[in-house]
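Structural characterization, general
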Amino acid sequence: MSVNQQAHTGPPYGQPQPGYQGYQQPAYGGQSLPGVPQAQYGAYNGPVPGYQQPVPPQGSLRAPPTSGAPPPASGASHPSGHLAYSQFEHGDVQNGIPASAAPMQRPPASQPFLPGSAPTPVSQIPTFQQYGAPPASVQQLRNHMAGMTIGGTAASAPPPAGLGYGAPRPPAMPGPPLPGQTVAGPPSSQPNHVSSPPPPSTMAGLHPGPPMSGLHGPPPPTHPPQPGYQMQQNGSFGQMRGPPPNYGGAYPGAPNYGSPPGPPPPPKRLDPDSIPSPQLNELPPQQKPRHRIDPDAIPSPIQVIEDDRNNRGSEPFVTGVRGQVPPLVTTNFLVKDQGNASPRYIRCTSYNIPCTSDMAKQSQVPLAAVIKPLAALPPEETVPYLVDHGESGPVRCNRCKAYMCPFMQFIEGGRRFQCCFCSCVTEVPPHYFQHLDHTGKRVDFYDRPELSLGSYEFLATVDYCKNNKFPSPPAFIFMIDVSYNAVKSGLVRLICEELKSLLDYLPREGNMEESAIRVGFVTYNKVLHFYNVKSSLAQPQMMVVSDVADMFVPLLDGFLVNVNESRTVIASLLDQIPEMFADTRETETVFAPVIQAGLEALKAAECAGKLFIFHTSLPIAEAPGKLKNRDDRKLINTDKEKTLFQPQTSFYNNLAKDCVAQGCCVDLFLFPNQYLDVATLGVVPYQTGGSIFKYAYFQLETDQYRFLNDLRRDVQKEVGFDAVMRVRTSTGIRATDFFGAFYMSNTTDVEMAGLDCDKTITVEFKHDDKLSEDSGALLQCALLYTSCAGQRRLRIHNLSLNCCTQLADLYRNCETDTLINYLAKYAYRGVLSSPVKTVRDALINQCAQILACYRKNCASPSSAGQLILPECMKLLPVYLNCVLKSDVLQPGPEVTTDDRAYVRQLVTSMDVAETNVFFYPRLLPLTKADVDSDSLPAAIRNSEERLSKGDIYLLENGLNIFVWVGVNVQQGLIQNLFGVSSFSQISNALSTLPVLENPFSKKVRSIVDMLQGQRSRYMKLIIVKQEDKLEMLFKHFLVEDKSLSGGASYVDFLCHMHKEIRQLLS
């Protein structure tokens, strides 16, 4: 059977569809399944979820309303006889593959579509139509407007001072604080959270609409409908209205919205200078100063995600065509490799790159690839084949050393091949010769993975090994802090208990009986204790090294052992450690000598490996790498703020360099109760390709489950050791910049002591010559690594991209999620060397330039007052605003220095799916979940006005899961989910949901389990009751709203971006 024609047994990844019977795996955001009534999800522009109402029918194409008389709309603050906020300009096709175009085409450049024009013929899909059918009736529109605001009682008090995680623990708090937090505030162990939204608008007597008390059904109308108000087209900027609660004033410097009433202006898109404003005498006094854009009329991430899922989730993504834009990361799809690497391995910011550097500079779109070389694949997809060419090793180009791949051109009857990267001609080795068929293809094309697939592996020969000898299998060394804090919290006992069983699950190669990895154990406080666990001993032996200034390993034989052979000795040791240190009074710890000890042990054993270090406090004991407490919040927003992200001493950089040379990767588990200096302690894990896990204010009862899940996954996951990665490109572009957790000793090789299946390396490319549209551009990522069985391998990923001479083609083939991933990493590296404000301004400026270039060169001519966004970049403003509001770039008062350093390092090696949900969290209405189906409830937008007091919501961002409970939730639901009889009895201290035997409890727990399974870290569960002090933390993640730390709301930021674009254009 040929290599790339296997029968694919599973359906497209997690996508229920008729062709794959009986397979119903819930998808990322809950695609609706066959047989599930659509009605429960509500039309996107229809009534708010939470008010059960009929939904306007949705055909396959949502056509715009006809040009007949527009239906009247309710109008608290709408003038009669005015066009509403005129509309966005967009491409005429939904976000995703249009049905009729070639599979990889993106929609054509945008064309204006004016409200009230003739109905669009079906062949031309209405612009921006993802925004759903408009409300079907006046009543629905009114419900929609009124239902957006939650009764204004919720957050009337200003936030308590010192909320959050860095502050001292308040005495008044009953019981222990939630794990990882001081005051009922966020656990410090989580980044990207904290600052809460602003207190409600202080305008006197603002009545945001009828108070909602969790009722079903429409609220009573508050104003008579006003005739003649033009309905909105889909996707247009919508009705203006008074500020919803919890919105403060305008974005600083926002234009003044307002012009005297008059005849309806000609239709435009977003024009802050000519927005029709309500007649002042129609408004209640407190609304006069301020008009708003309807948030429903601006691009919605939820809608874009849903449309991509519906358009591209059911068909496999076949990689045979050059320059295809893959489905979004939020869509479940199956990949069939036919010559280009799967998007699970490589995603690009654009799949059609400019032919010249001038064009690239003009557009300002960064050309980058986010590469995840060892990504885990879903079970229905085949892992890369391993090709063994024997003694001679893989076939390569003589000049540039690129590896054989599907784009190499065989000539002279197959005796030579021309390199697709550098055009050099190389002889084909005799053993590799094969005849060509009539098309010039080798006749064994389909039998060789390296000729027909985008991703594959070669078995490396001895030439690819250190010192020209094959490597030994790697080792794992567990290094446990046994200082007073670690012992007292129960952490030491917990780790020892877990290791007894976990050591049976060390990673192993394919069909091996047992893992080849050897293990060793060290405990430490101010001194280090090594353990001899040789299988021939009756009891383990301890050896103490107290001279930490000159670290050495006191034993060779018996330190690193095979788990099965030494099982009884290891079990005895793990039983004894907690008892040995039970009465310790030693509070001080060392840190650098611990890493040095692990490094020396691996050197002595002549193998690569990983150190698992469990550490609790700032290392202040006298030793190399000793640190002092330098935490200083006064540096925030000053030029010295960057020092908070930099290591205190260069000692750890040098240590990291030594570790990389030996293939010693460090994973660090931190359990701080105070400042720990993550920026410095994280240097070695970061530069060796390791991971950091942080559990602030660790408490056994609430945090052990999360810690143990993280530890199990970290020990068991696929990892490559002693890795070197190089990215080759075809003539015209080259890799110039790299982001991620690694070390570089030269400009081309990315070196990692360890590389696991979750880590990404982001590579930026620049032009060094012209490219041609005919030949396109090629990337080849080659990773040399040692597998967990000690086998030296090369993993190769190839990708071909299109090249363009028209800017419109560039903008049609961009991927916003990947672009945001790159921009966040670029900004997070920028804070090491520049003031945070400079970094923020540069981000805003670059994105304004990207959008201004599109407006000037690709959009159809129209007035400067229109905001026109490229179809595939229409979410750039909302996502960029989320990055700007993140804790690294705009910390609230509760975010600790350690949290910011932790998030900064975490994001730097995240993949595109992780940054997507991290910056724009997923918000699901649990009360809308169908308990009889496997699907998730439809997600809603991240804004407080989308929440109803009568519902329960789940919000996840990859690090935390919040369950928010409204004050008016039915008693039966509370009983079913929490096992208590009333809202007041729900405990904030739950770290898992109680296991109750009823359909709602089972459904919610299955949703939580499913989300946990999609993320690389175990997310901390936090229960938030409405109007409770923890709600401030939850609101920090409602990223479309204003944030307490000064971040703009989405609407305000969009106006600000428009102003920036207009300035650039003028």
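Residues numbered from 1 in each chain as written. Predicted model: local features only at pLDDT ≥ 70, side-chain atom pairs only at ≥ 80, totals over all residues. Heavy atoms only, no water.

The next point concerns the environment of L869. By secondary structure assignment, the location of L869 is in the loop between α15 (836-857) and α16 (876-884). The buried category is assigned to L869, whose relative accessible area is 0%. Taking the C-alpha atoms as reference points, L869 and A859, 10 residues apart in sequence, are found 8.5 Å from one another. (Helix = DSSP H or I, 4+ residues; strand = E, 2+ residues; numbered from the N terminus. Buried < 20%, exposed > 50% of the residue type's maximum accessible area, 1.4 Å probe, protein only.)

Two numbers describe how helix α6 (residues 491-502) lies on helix α7 (residues 567-580): the axes approach to 9 Å, and their chain directions differ by 175 degrees. On the basis of their axis angle, the class for α6 and α7 is roughly antiparallel. On α7, the residues that touch V492, R493, C496, E497, L499 and K500 of α6 are A571, L574, D575, I577, P578 and E579. Residues that form the contact of α6 with α7 fall into these classes: 7 nonpolar, no polar and 5 charged. (Axes fitted to C-alpha atoms, helices over the stretch in contact; angles between N-to-C directions. Parallel < 35°, antiparallel > 145°, perpendicular 65-115°, else oblique. Contact = heavy atoms within 4.5 Å. Nonpolar A, V, L, I, M, F, W, Y, C, P; charged D, E, K, R; others polar.)

Further remarks concern the packing of aromatic side chains. Across all of its chains, the model carries 33 aromatic pairs by this definition. When the centroid spacing of 5.3 Å and the interplanar angle of 20 degrees are considered together, the rings of F671 and Y695 count as stacked. In this pair, F671 sits in the loop between β16 (664-670) and α10 (678-681) while Y695 sits in the loop between β17 (692-694) and α12 (700-716), placing the two residues 24 residues apart along the sequence. Just as F671 is buried, Y695 falls in that class too. Taken together, the ring pairs connect F614, F669, F671, F693, Y695, F698 and F707 into an aromatic cluster. The positively charged end of R442 is found above the aromatic ring belonging to Y432, 4.4 Å away from the centroid. (Phe/Tyr/Trp six-rings, centres within 6.5 Å; stacked < 30°, edge-to-face > 60°. Lys NZ or Arg CZ within 6 Å of the ring centre and 35° of its normal.)

So, about the sheet that holds strand β25 (residues 952-956). In spatial order, the strands read β24-β25-β26-β27; together these 4 strands make up an open sheet with mixed pairing. Only two strands of the sheet have a single partner each, and these edge strands are β24 (922-925) and β27 (1020-1025). Along the sheet, successive strands turn relative to each other by an average axial angle of 20 degrees, direction set aside. With 5 bridges joining them, β25 and strand β26 (residues 960-965) adopt antiparallel strand pairing. Residue I952 lies in a different strand from β26, and its bridge partner there is V965. Sitting on the sheet, helix α20 (residues 999-1014) is in contact with β24, β25 and β26, with an inclination near 10 degrees to β25. (Pairing = 2+ DSSP bridges.)

Let's shift gears to the side chain of R795. Note on placement: R795 falls in strand β23 (residues 792-804). By relative accessible area, which is 6% here, R795 ends up buried. Polar contacts involving the side chain of R795 include one to the main-chain carbonyl oxygen of P373, which spans 3.1 Å. Within polar-contact distance, the side chain of R795 engages the side chain of E457 at 2.9 Å. (Polar contact = N/O pair within 3.5 Å; in protein donor to acceptor, adjacent residues only side chain to side chain.)

Quick look at helix α17 (residues 897-908) now. Helix length check: α17, at 12 residues, gives a terminal C-alpha distance of 17 Å against a target of 16 Å (1.5 Å per residue), a fit within 8%. Within α17, 12 of the 12 residues are buried, which leaves it mostly tucked inside the rest of the structure. Where α17 is concerned, the buried positions are T897, D898, D899, R900, A901, Y902, V903, R904, Q905, L906, V907 and T908. (Expected span 1.5 Å × (residues − 1).)

For the coordinates displayed, the defined rule picks out 51 salt bridges. In this structure, R567 engages D504 in a salt bridge whose closest nitrogen and oxygen atoms are separated by 2.8 Å. With R567 in helix α7 and D504 in the loop between α6 and β12 (518-524), this residue pair connects regions lying 63 residues apart in the sequence. Judged by its relative accessible area of 34%, R567 falls in the partly exposed class. (Salt bridge = Lys/Arg side-chain N within 4 Å of Asp/Glu carboxyl O.)

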